[in-house]
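# Summary of the model geometry
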Amino acid sequence: MNPIKHVAIIMDGNGRWGLKKRKSRNYGHKKGLDTVEKIIKASIKNKIKFLTLYAFSTENWKRPKKEIHFLFNLLENYLVNKITQLNKQNIKLKIIGNKKFSKKLNNLLISSEKKTSKNNKLQINLALNYGSKNELVDTFKIIKKNNIKINEKNISNNLFTKNIPDPDFLIRTGNTQRLSNFLLWQLSYSEIFFEKKLWPDFNENDYNKIINKFKKIKRNYGNI
Ligand code: IPE
Ligand code: IPE
Ligand code: MG
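Thresholds, definitions, all that
- Residues numbered from 1 in each chain as written.
- Chains lettered and ligands numbered in written order.
- Predicted model: local features only at pLDDT ≥ 70, side-chain atom pairs only at ≥ 80, totals over all residues.
- Heavy atoms only, no water.
- 1 Å grid on protein atoms, 1.4 Å probe; cavity = no way out; pocket = protein on both sides within 12 Å on 5 of 7 lines; lining within 4 Å.
- Points joined across faces, edges and corners; volume = space filled by probe spheres on them.
- Helix = DSSP H or I, 4+ residues; strand = E, 2+ residues; numbered from the N terminus.
- Nonpolar A, V, L, I, M, F, W, Y, C, P; charged D, E, K, R; others polar.
- Phe/Tyr/Trp six-rings, centres within 6.5 Å; stacked < 30°, edge-to-face > 60°.
- Buried < 20%, exposed > 50% of the residue type's maximum accessible area, 1.4 Å probe, protein only.
- Pairing = 2+ DSSP bridges.
- Near = heavy atom within 4 Å.
- Polar contact = N/O pair within 3.5 Å; in protein donor to acceptor, adjacent residues only side chain to side chain.
- Areas by Shrake-Rupley, 256 points an atom, 1.4 Å probe, with all protein chains shown as cover.
- Sits in = over half its atoms within 2 Å of the grid points.

## Some remarks on the layout of surface pockets
Approximately 840 Å³ is the volume attributed to the largest pocket. Forming the boundary of the largest pocket are 37 residues, of which Met11, Asn14, Tyr54, Ala55 and Phe56 lie nearest the centre. For the lining of the largest pocket, the secondary-structure elements that each account for two or more residues are helix 1 (14-20), helix 2 (25-45), strand 2 (50-57), helix 3 (65-88) and strand 4 (122-130). The biggest single contributor to the lining of the largest pocket is helix 3, with seven residues. Taken together, the residues that form the lining of the largest pocket break down as 21 nonpolar, nine polar and seven charged.

## Observations concerning the packing of aromatic side chains
Scanning the model with the defined rule gives 15 aromatic pairs in all. Geometrically, the ring pair formed by Tyr54 and Tyr130 is edge-to-face, given 6.0 Å between the ring centres and 80° between the ring planes. In this pair, Tyr54 sits in strand 2 while Tyr130 sits in strand 4, placing the two residues 76 residues apart along the sequence. When its relative accessible area of 8% is taken as the criterion, Tyr54 is described as buried. Given a relative accessible area of 0%, Tyr130 falls into the buried group. Ring geometry for Trp199 and Phe202: centres 5.6 Å apart, planes at 20°, overall stacked. For Trp199, a relative accessible area of 1% translates into the label buried.

## Concerning the pairing of strand 1 (residues 6-10)
Burial of strand 1 is extensive: five of the five residues sit out of reach of the surface. Taking every second residue as pointing to the same face, both faces of strand 1 are buried, with His6, Ala8 and Ile10 on one and Val7 and Ile9 on the other. Bridge analysis of strand 1 against strand 2 gives five bridges, and the strand direction is parallel. Within the sheet, the bridge partner assigned to His6 lies in strand 2 and is Phe50. The pairing of strand 1 with strand 5 (residues 169-172) spans four bridges and is classified as parallel. Residue pairing across strands places Ile10 opposite Arg172, the latter belonging to strand 5.

## Focus: the site of ligand 2
By nearness alone, every residue bordering ligand 2 is listed as Ile10, Met11, Asp12, Tyr54, Ala55, Phe56, Asn60, Arg63, Arg172, Arg178 and Ser180. Asp12 is positioned with one of its side-chain polar atoms (N or O) 3.1 Å from an oxygen atom of ligand 2. Between ligand 2 and Arg172 there is a distance of 3.4 Å, counted from an oxygen atom to a side-chain nitrogen or oxygen. Expressed as a share of its isolated accessible area of 390 Å², the protein-covered part of ligand 2 is 78%. A majority-of-atoms criterion places ligand 2 in the largest pocket. Considering every element that reaches the shell around ligand 2, the biggest residue donor is strand 2, with three residues. Grouping the amino acids of the shell around ligand 2 by side-chain chemistry returns five nonpolar, two polar and four charged.

Without other data, these values stay purely geometric and don't point to any function.
Below you can see the structure in the form of C-alpha coordinates.
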(Lines give C-alpha, C1' and ligand atoms only; values in the text may rest on other atoms or scores of the structure.)
(Ligands and ions follow the chains in the order given, each with its own letter.)
Protein backbone atom coordinates (compact mmCIF):
# COMPACT_ATOMS: atom_id res chain seq x y z
CA MET A 1 0.00 0.00 0.00
CA ASN A 2 1.53 3.31 -1.05
CA PRO A 3 1.59 5.95 1.68
CA ILE A 4 0.18 9.38 0.76
CA LYS A 5 1.84 12.55 1.91
CA HIS A 6 1.02 15.02 -0.81
CA VAL A 7 -1.91 15.38 -3.19
CA ALA A 8 -2.03 18.03 -5.93
CA ILE A 9 -5.24 19.03 -7.67
CA ILE A 10 -6.04 21.02 -10.81
CA MET A 11 -9.56 22.13 -9.95
CA ASP A 12 -10.92 22.50 -13.45
CA GLY A 13 -14.44 22.80 -14.84
CA ASN A 14 -16.10 25.50 -12.72
CA GLY A 15 -17.02 27.71 -15.65
CA ARG A 16 -18.57 24.93 -17.71
CA TRP A 17 -20.46 23.72 -14.64
CA GLY A 18 -22.02 27.16 -14.10
CA LEU A 19 -23.06 27.41 -17.74
CA LYS A 20 -24.42 23.85 -17.71
CA LYS A 21 -26.71 24.90 -14.85
CA ARG A 22 -27.89 27.78 -17.06
CA LYS A 23 -26.21 30.21 -14.72
CA SER A 24 -22.89 32.07 -15.02
CA ARG A 25 -19.30 30.85 -15.05
CA ASN A 26 -18.89 32.73 -11.78
CA TYR A 27 -21.72 30.73 -10.24
CA GLY A 28 -19.55 27.70 -11.00
CA HIS A 29 -16.57 29.27 -9.21
CA LYS A 30 -18.72 29.89 -6.16
CA LYS A 31 -19.87 26.27 -6.10
CA GLY A 32 -16.31 25.14 -6.64
CA LEU A 33 -15.39 26.58 -3.28
CA ASP A 34 -17.81 24.13 -1.59
CA THR A 35 -15.87 21.29 -3.20
CA VAL A 36 -12.63 22.77 -1.88
CA GLU A 37 -14.02 22.61 1.65
CA LYS A 38 -15.16 19.00 1.21
CA ILE A 39 -11.79 17.93 -0.15
CA ILE A 40 -9.91 19.66 2.69
CA LYS A 41 -12.00 17.69 5.21
CA ALA A 42 -11.51 14.44 3.32
CA SER A 43 -7.75 15.05 3.13
CA ILE A 44 -7.58 15.40 6.89
CA LYS A 45 -9.62 12.19 7.31
CA ASN A 46 -7.11 10.43 5.09
CA LYS A 47 -4.19 11.83 7.11
CA ILE A 48 -2.74 13.59 4.06
CA LYS A 49 -0.11 16.14 5.08
CA PHE A 50 0.07 18.40 1.99
CA LEU A 51 -2.72 19.42 -0.36
CA THR A 52 -1.74 21.66 -3.28
CA LEU A 53 -4.63 23.36 -5.05
CA TYR A 54 -4.30 25.14 -8.39
CA ALA A 55 -6.53 28.16 -8.01
CA PHE A 56 -5.17 30.72 -10.50
CA SER A 57 -2.46 30.30 -13.11
CA THR A 58 -0.12 32.88 -14.61
CA GLU A 59 -2.12 32.32 -17.82
CA ASN A 60 -5.50 32.96 -16.18
CA TRP A 61 -4.84 36.74 -16.41
CA LYS A 62 -6.01 36.39 -20.03
CA ARG A 63 -9.60 35.95 -18.79
CA PRO A 64 -12.19 38.74 -18.78
CA LYS A 65 -11.58 41.30 -16.03
CA LYS A 66 -14.99 40.62 -14.55
CA GLU A 67 -14.23 36.95 -13.98
CA ILE A 68 -10.78 37.68 -12.52
CA HIS A 69 -12.30 40.23 -10.20
CA PHE A 70 -14.95 37.75 -9.07
CA LEU A 71 -12.35 35.06 -8.37
CA PHE A 72 -10.17 37.29 -6.21
CA ASN A 73 -13.19 38.64 -4.39
CA LEU A 74 -14.25 35.09 -3.63
CA LEU A 75 -10.80 34.29 -2.28
CA GLU A 76 -10.69 37.44 -0.20
CA ASN A 77 -14.08 36.78 1.36
CA TYR A 78 -13.18 33.17 1.99
CA LEU A 79 -10.00 34.09 3.85
CA VAL A 80 -11.62 36.87 5.84
CA ASN A 81 -14.44 34.55 6.95
CA LYS A 82 -12.65 31.25 7.27
CA ILE A 83 -9.03 31.79 8.30
CA THR A 84 -9.86 31.53 12.01
CA GLN A 85 -11.65 28.26 11.39
CA LEU A 86 -8.75 26.91 9.30
CA ASN A 87 -6.40 27.90 12.09
CA LYS A 88 -8.54 26.09 14.68
CA GLN A 89 -8.40 22.99 12.52
CA ASN A 90 -4.59 23.16 12.77
CA ILE A 91 -4.29 23.84 9.02
CA LYS A 92 -1.29 25.71 7.64
CA LEU A 93 -1.82 27.87 4.59
CA LYS A 94 0.99 28.56 2.16
CA ILE A 95 0.71 30.52 -1.06
CA ILE A 96 2.75 29.28 -3.99
CA GLY A 97 3.08 31.72 -6.86
CA ASN A 98 4.02 35.37 -7.08
CA LYS A 99 2.04 37.57 -4.72
CA LYS A 100 1.52 40.41 -7.17
CA PHE A 101 -2.01 41.42 -6.24
CA SER A 102 -3.60 44.49 -4.70
CA LYS A 103 -1.94 45.66 -1.50
CA LYS A 104 -5.02 44.62 0.41
CA LEU A 105 -5.02 41.07 -0.91
CA ASN A 106 -1.25 40.70 -0.56
CA ASN A 107 -1.49 41.73 3.09
CA LEU A 108 -4.38 39.36 3.68
CA LEU A 109 -2.45 36.50 2.13
CA ILE A 110 0.68 37.26 4.17
CA SER A 111 -1.27 37.59 7.42
CA SER A 112 -3.16 34.35 6.73
CA GLU A 113 0.12 32.54 6.16
CA LYS A 114 1.59 34.03 9.31
CA LYS A 115 -1.41 33.20 11.45
CA THR A 116 -1.34 29.53 10.46
CA SER A 117 2.43 29.07 10.09
CA LYS A 118 2.87 26.88 13.19
CA ASN A 119 0.04 24.48 12.33
CA ASN A 120 0.87 20.94 11.37
CA LYS A 121 -2.22 18.84 10.70
CA LEU A 122 -2.54 19.66 7.00
CA GLN A 123 -0.62 22.14 4.87
CA ILE A 124 -2.62 23.67 2.06
CA ASN A 125 -0.48 25.08 -0.73
CA LEU A 126 -2.68 27.45 -2.64
CA ALA A 127 -1.30 28.05 -6.12
CA LEU A 128 -2.13 31.64 -6.99
CA ASN A 129 -0.63 33.47 -9.92
CA TYR A 130 1.36 30.28 -10.23
CA GLY A 131 3.11 29.07 -13.37
CA SER A 132 5.65 26.31 -13.35
CA LYS A 133 7.84 27.76 -16.12
CA ASN A 134 7.95 31.09 -14.32
CA GLU A 135 8.83 29.30 -11.06
CA LEU A 136 11.71 27.48 -12.75
CA VAL A 137 13.07 30.64 -14.38
CA ASP A 138 12.99 32.43 -11.01
CA THR A 139 14.71 29.48 -9.37
CA PHE A 140 17.52 29.47 -11.93
CA LYS A 141 17.94 33.23 -11.40
CA ILE A 142 18.34 32.70 -7.63
CA ILE A 143 20.83 29.91 -8.25
CA LYS A 144 22.86 32.04 -10.62
CA LYS A 145 22.79 35.11 -8.40
CA ASN A 146 23.98 33.18 -5.34
CA ASN A 147 26.49 31.08 -7.19
CA ILE A 148 24.77 27.90 -6.06
CA LYS A 149 25.83 24.62 -7.65
CA ILE A 150 23.31 23.39 -10.18
CA ASN A 151 21.96 19.99 -9.16
CA GLU A 152 18.53 18.45 -8.61
CA LYS A 153 18.57 19.00 -4.86
CA ASN A 154 19.47 22.69 -5.17
CA ILE A 155 16.81 23.27 -7.79
CA SER A 156 14.15 21.61 -5.59
CA ASN A 157 15.36 23.63 -2.62
CA ASN A 158 14.77 26.92 -4.42
CA LEU A 159 11.27 26.31 -5.75
CA PHE A 160 8.12 27.59 -4.05
CA THR A 161 7.70 24.00 -2.85
CA LYS A 162 11.00 23.80 -0.99
CA ASN A 163 10.71 21.48 2.05
CA ILE A 164 7.57 19.90 0.61
CA PRO A 165 7.79 16.35 -0.74
CA ASP A 166 6.79 15.98 -4.41
CA PRO A 167 3.11 15.13 -4.94
CA ASP A 168 2.32 11.42 -4.76
CA PHE A 169 -0.45 11.99 -7.21
CA LEU A 170 -2.21 14.65 -9.23
CA ILE A 171 -5.93 14.85 -9.89
CA ARG A 172 -7.28 17.00 -12.71
CA THR A 173 -11.05 17.28 -12.88
CA GLY A 174 -12.99 18.70 -15.81
CA ASN A 175 -12.37 16.05 -18.46
CA THR A 176 -9.21 17.71 -19.80
CA GLN A 177 -5.90 15.93 -20.00
CA ARG A 178 -3.08 18.43 -19.71
CA LEU A 179 -0.90 19.99 -17.01
CA SER A 180 -1.52 23.66 -17.85
CA ASN A 181 1.87 24.80 -16.49
CA PHE A 182 1.38 23.19 -13.06
CA LEU A 183 4.31 21.79 -11.04
CA LEU A 184 6.22 20.50 -14.06
CA TRP A 185 9.33 19.68 -12.04
CA GLN A 186 7.54 18.38 -8.95
CA LEU A 187 5.18 16.05 -10.84
CA SER A 188 7.93 14.24 -12.72
CA TYR A 189 7.19 10.94 -10.91
CA SER A 190 3.65 11.50 -9.67
CA GLU A 191 0.73 9.29 -10.63
CA ILE A 192 -1.89 11.21 -12.63
CA PHE A 193 -5.66 10.82 -12.46
CA PHE A 194 -7.82 12.60 -15.00
CA GLU A 195 -11.39 12.88 -13.76
CA LYS A 196 -14.32 13.45 -16.10
CA LYS A 197 -16.45 15.26 -13.53
CA LEU A 198 -16.36 19.05 -13.38
CA TRP A 199 -14.87 20.38 -10.14
CA PRO A 200 -18.16 21.43 -8.46
CA ASP A 201 -19.49 17.86 -8.97
CA PHE A 202 -16.37 16.18 -7.57
CA ASN A 203 -17.00 14.76 -4.10
CA GLU A 204 -15.47 12.87 -1.19
CA ASN A 205 -16.48 9.54 -2.68
CA ASP A 206 -14.72 10.30 -5.99
CA TYR A 207 -11.67 11.41 -4.02
CA ASN A 208 -11.61 8.25 -1.91
CA LYS A 209 -11.90 6.10 -5.02
CA ILE A 210 -8.79 7.76 -6.46
CA ILE A 211 -6.96 7.44 -3.14
CA ASN A 212 -7.72 3.70 -3.03
CA LYS A 213 -6.62 3.26 -6.64
CA PHE A 214 -3.39 5.12 -5.94
CA LYS A 215 -2.61 2.99 -2.90
CA LYS A 216 -2.48 -0.14 -5.06
CA ILE A 217 -0.26 1.18 -7.88
CA LYS A 218 3.17 -0.35 -8.30
CA ARG A 219 5.56 2.58 -8.40
CA ASN A 220 8.76 1.72 -10.20
CA TYR A 221 10.82 4.91 -10.33
CA GLY A 222 12.67 3.36 -13.22
CA ASN A 223 13.27 0.11 -11.40
CA ILE A 224 11.37 -3.11 -12.14
C1 IPE B 1 -10.98 26.22 -13.08
O2 IPE B 1 -12.19 26.24 -13.71
C3 IPE B 1 -10.85 27.33 -12.09
C4 IPE B 1 -9.96 28.41 -12.50
C5 IPE B 1 -9.18 28.44 -13.53
C6 IPE B 1 -9.98 29.58 -11.66
P7 IPE B 1 -12.37 26.98 -15.09
O8 IPE B 1 -12.77 28.38 -14.82
O9 IPE B 1 -11.18 26.79 -15.93
O10 IPE B 1 -13.60 26.19 -15.69
P11 IPE B 1 -13.76 25.74 -17.19
O12 IPE B 1 -12.60 24.85 -17.51
O13 IPE B 1 -13.78 26.97 -18.03
O14 IPE B 1 -15.06 24.99 -17.20
C1 IPE C 1 -5.85 25.39 -15.02
O2 IPE C 1 -7.10 25.46 -15.58
C3 IPE C 1 -5.69 26.43 -13.97
C4 IPE C 1 -6.49 26.25 -12.77
C5 IPE C 1 -7.29 25.26 -12.50
C6 IPE C 1 -6.35 27.28 -11.82
P7 IPE C 1 -7.38 26.26 -16.92
O8 IPE C 1 -8.81 26.07 -17.24
O9 IPE C 1 -6.90 27.65 -16.78
O10 IPE C 1 -6.46 25.51 -17.96
P11 IPE C 1 -6.46 25.59 -19.55
O12 IPE C 1 -6.26 27.01 -19.92
O13 IPE C 1 -7.76 25.06 -20.01
O14 IPE C 1 -5.32 24.70 -19.94
MG1 MG D 1 -10.63 25.37 -17.31
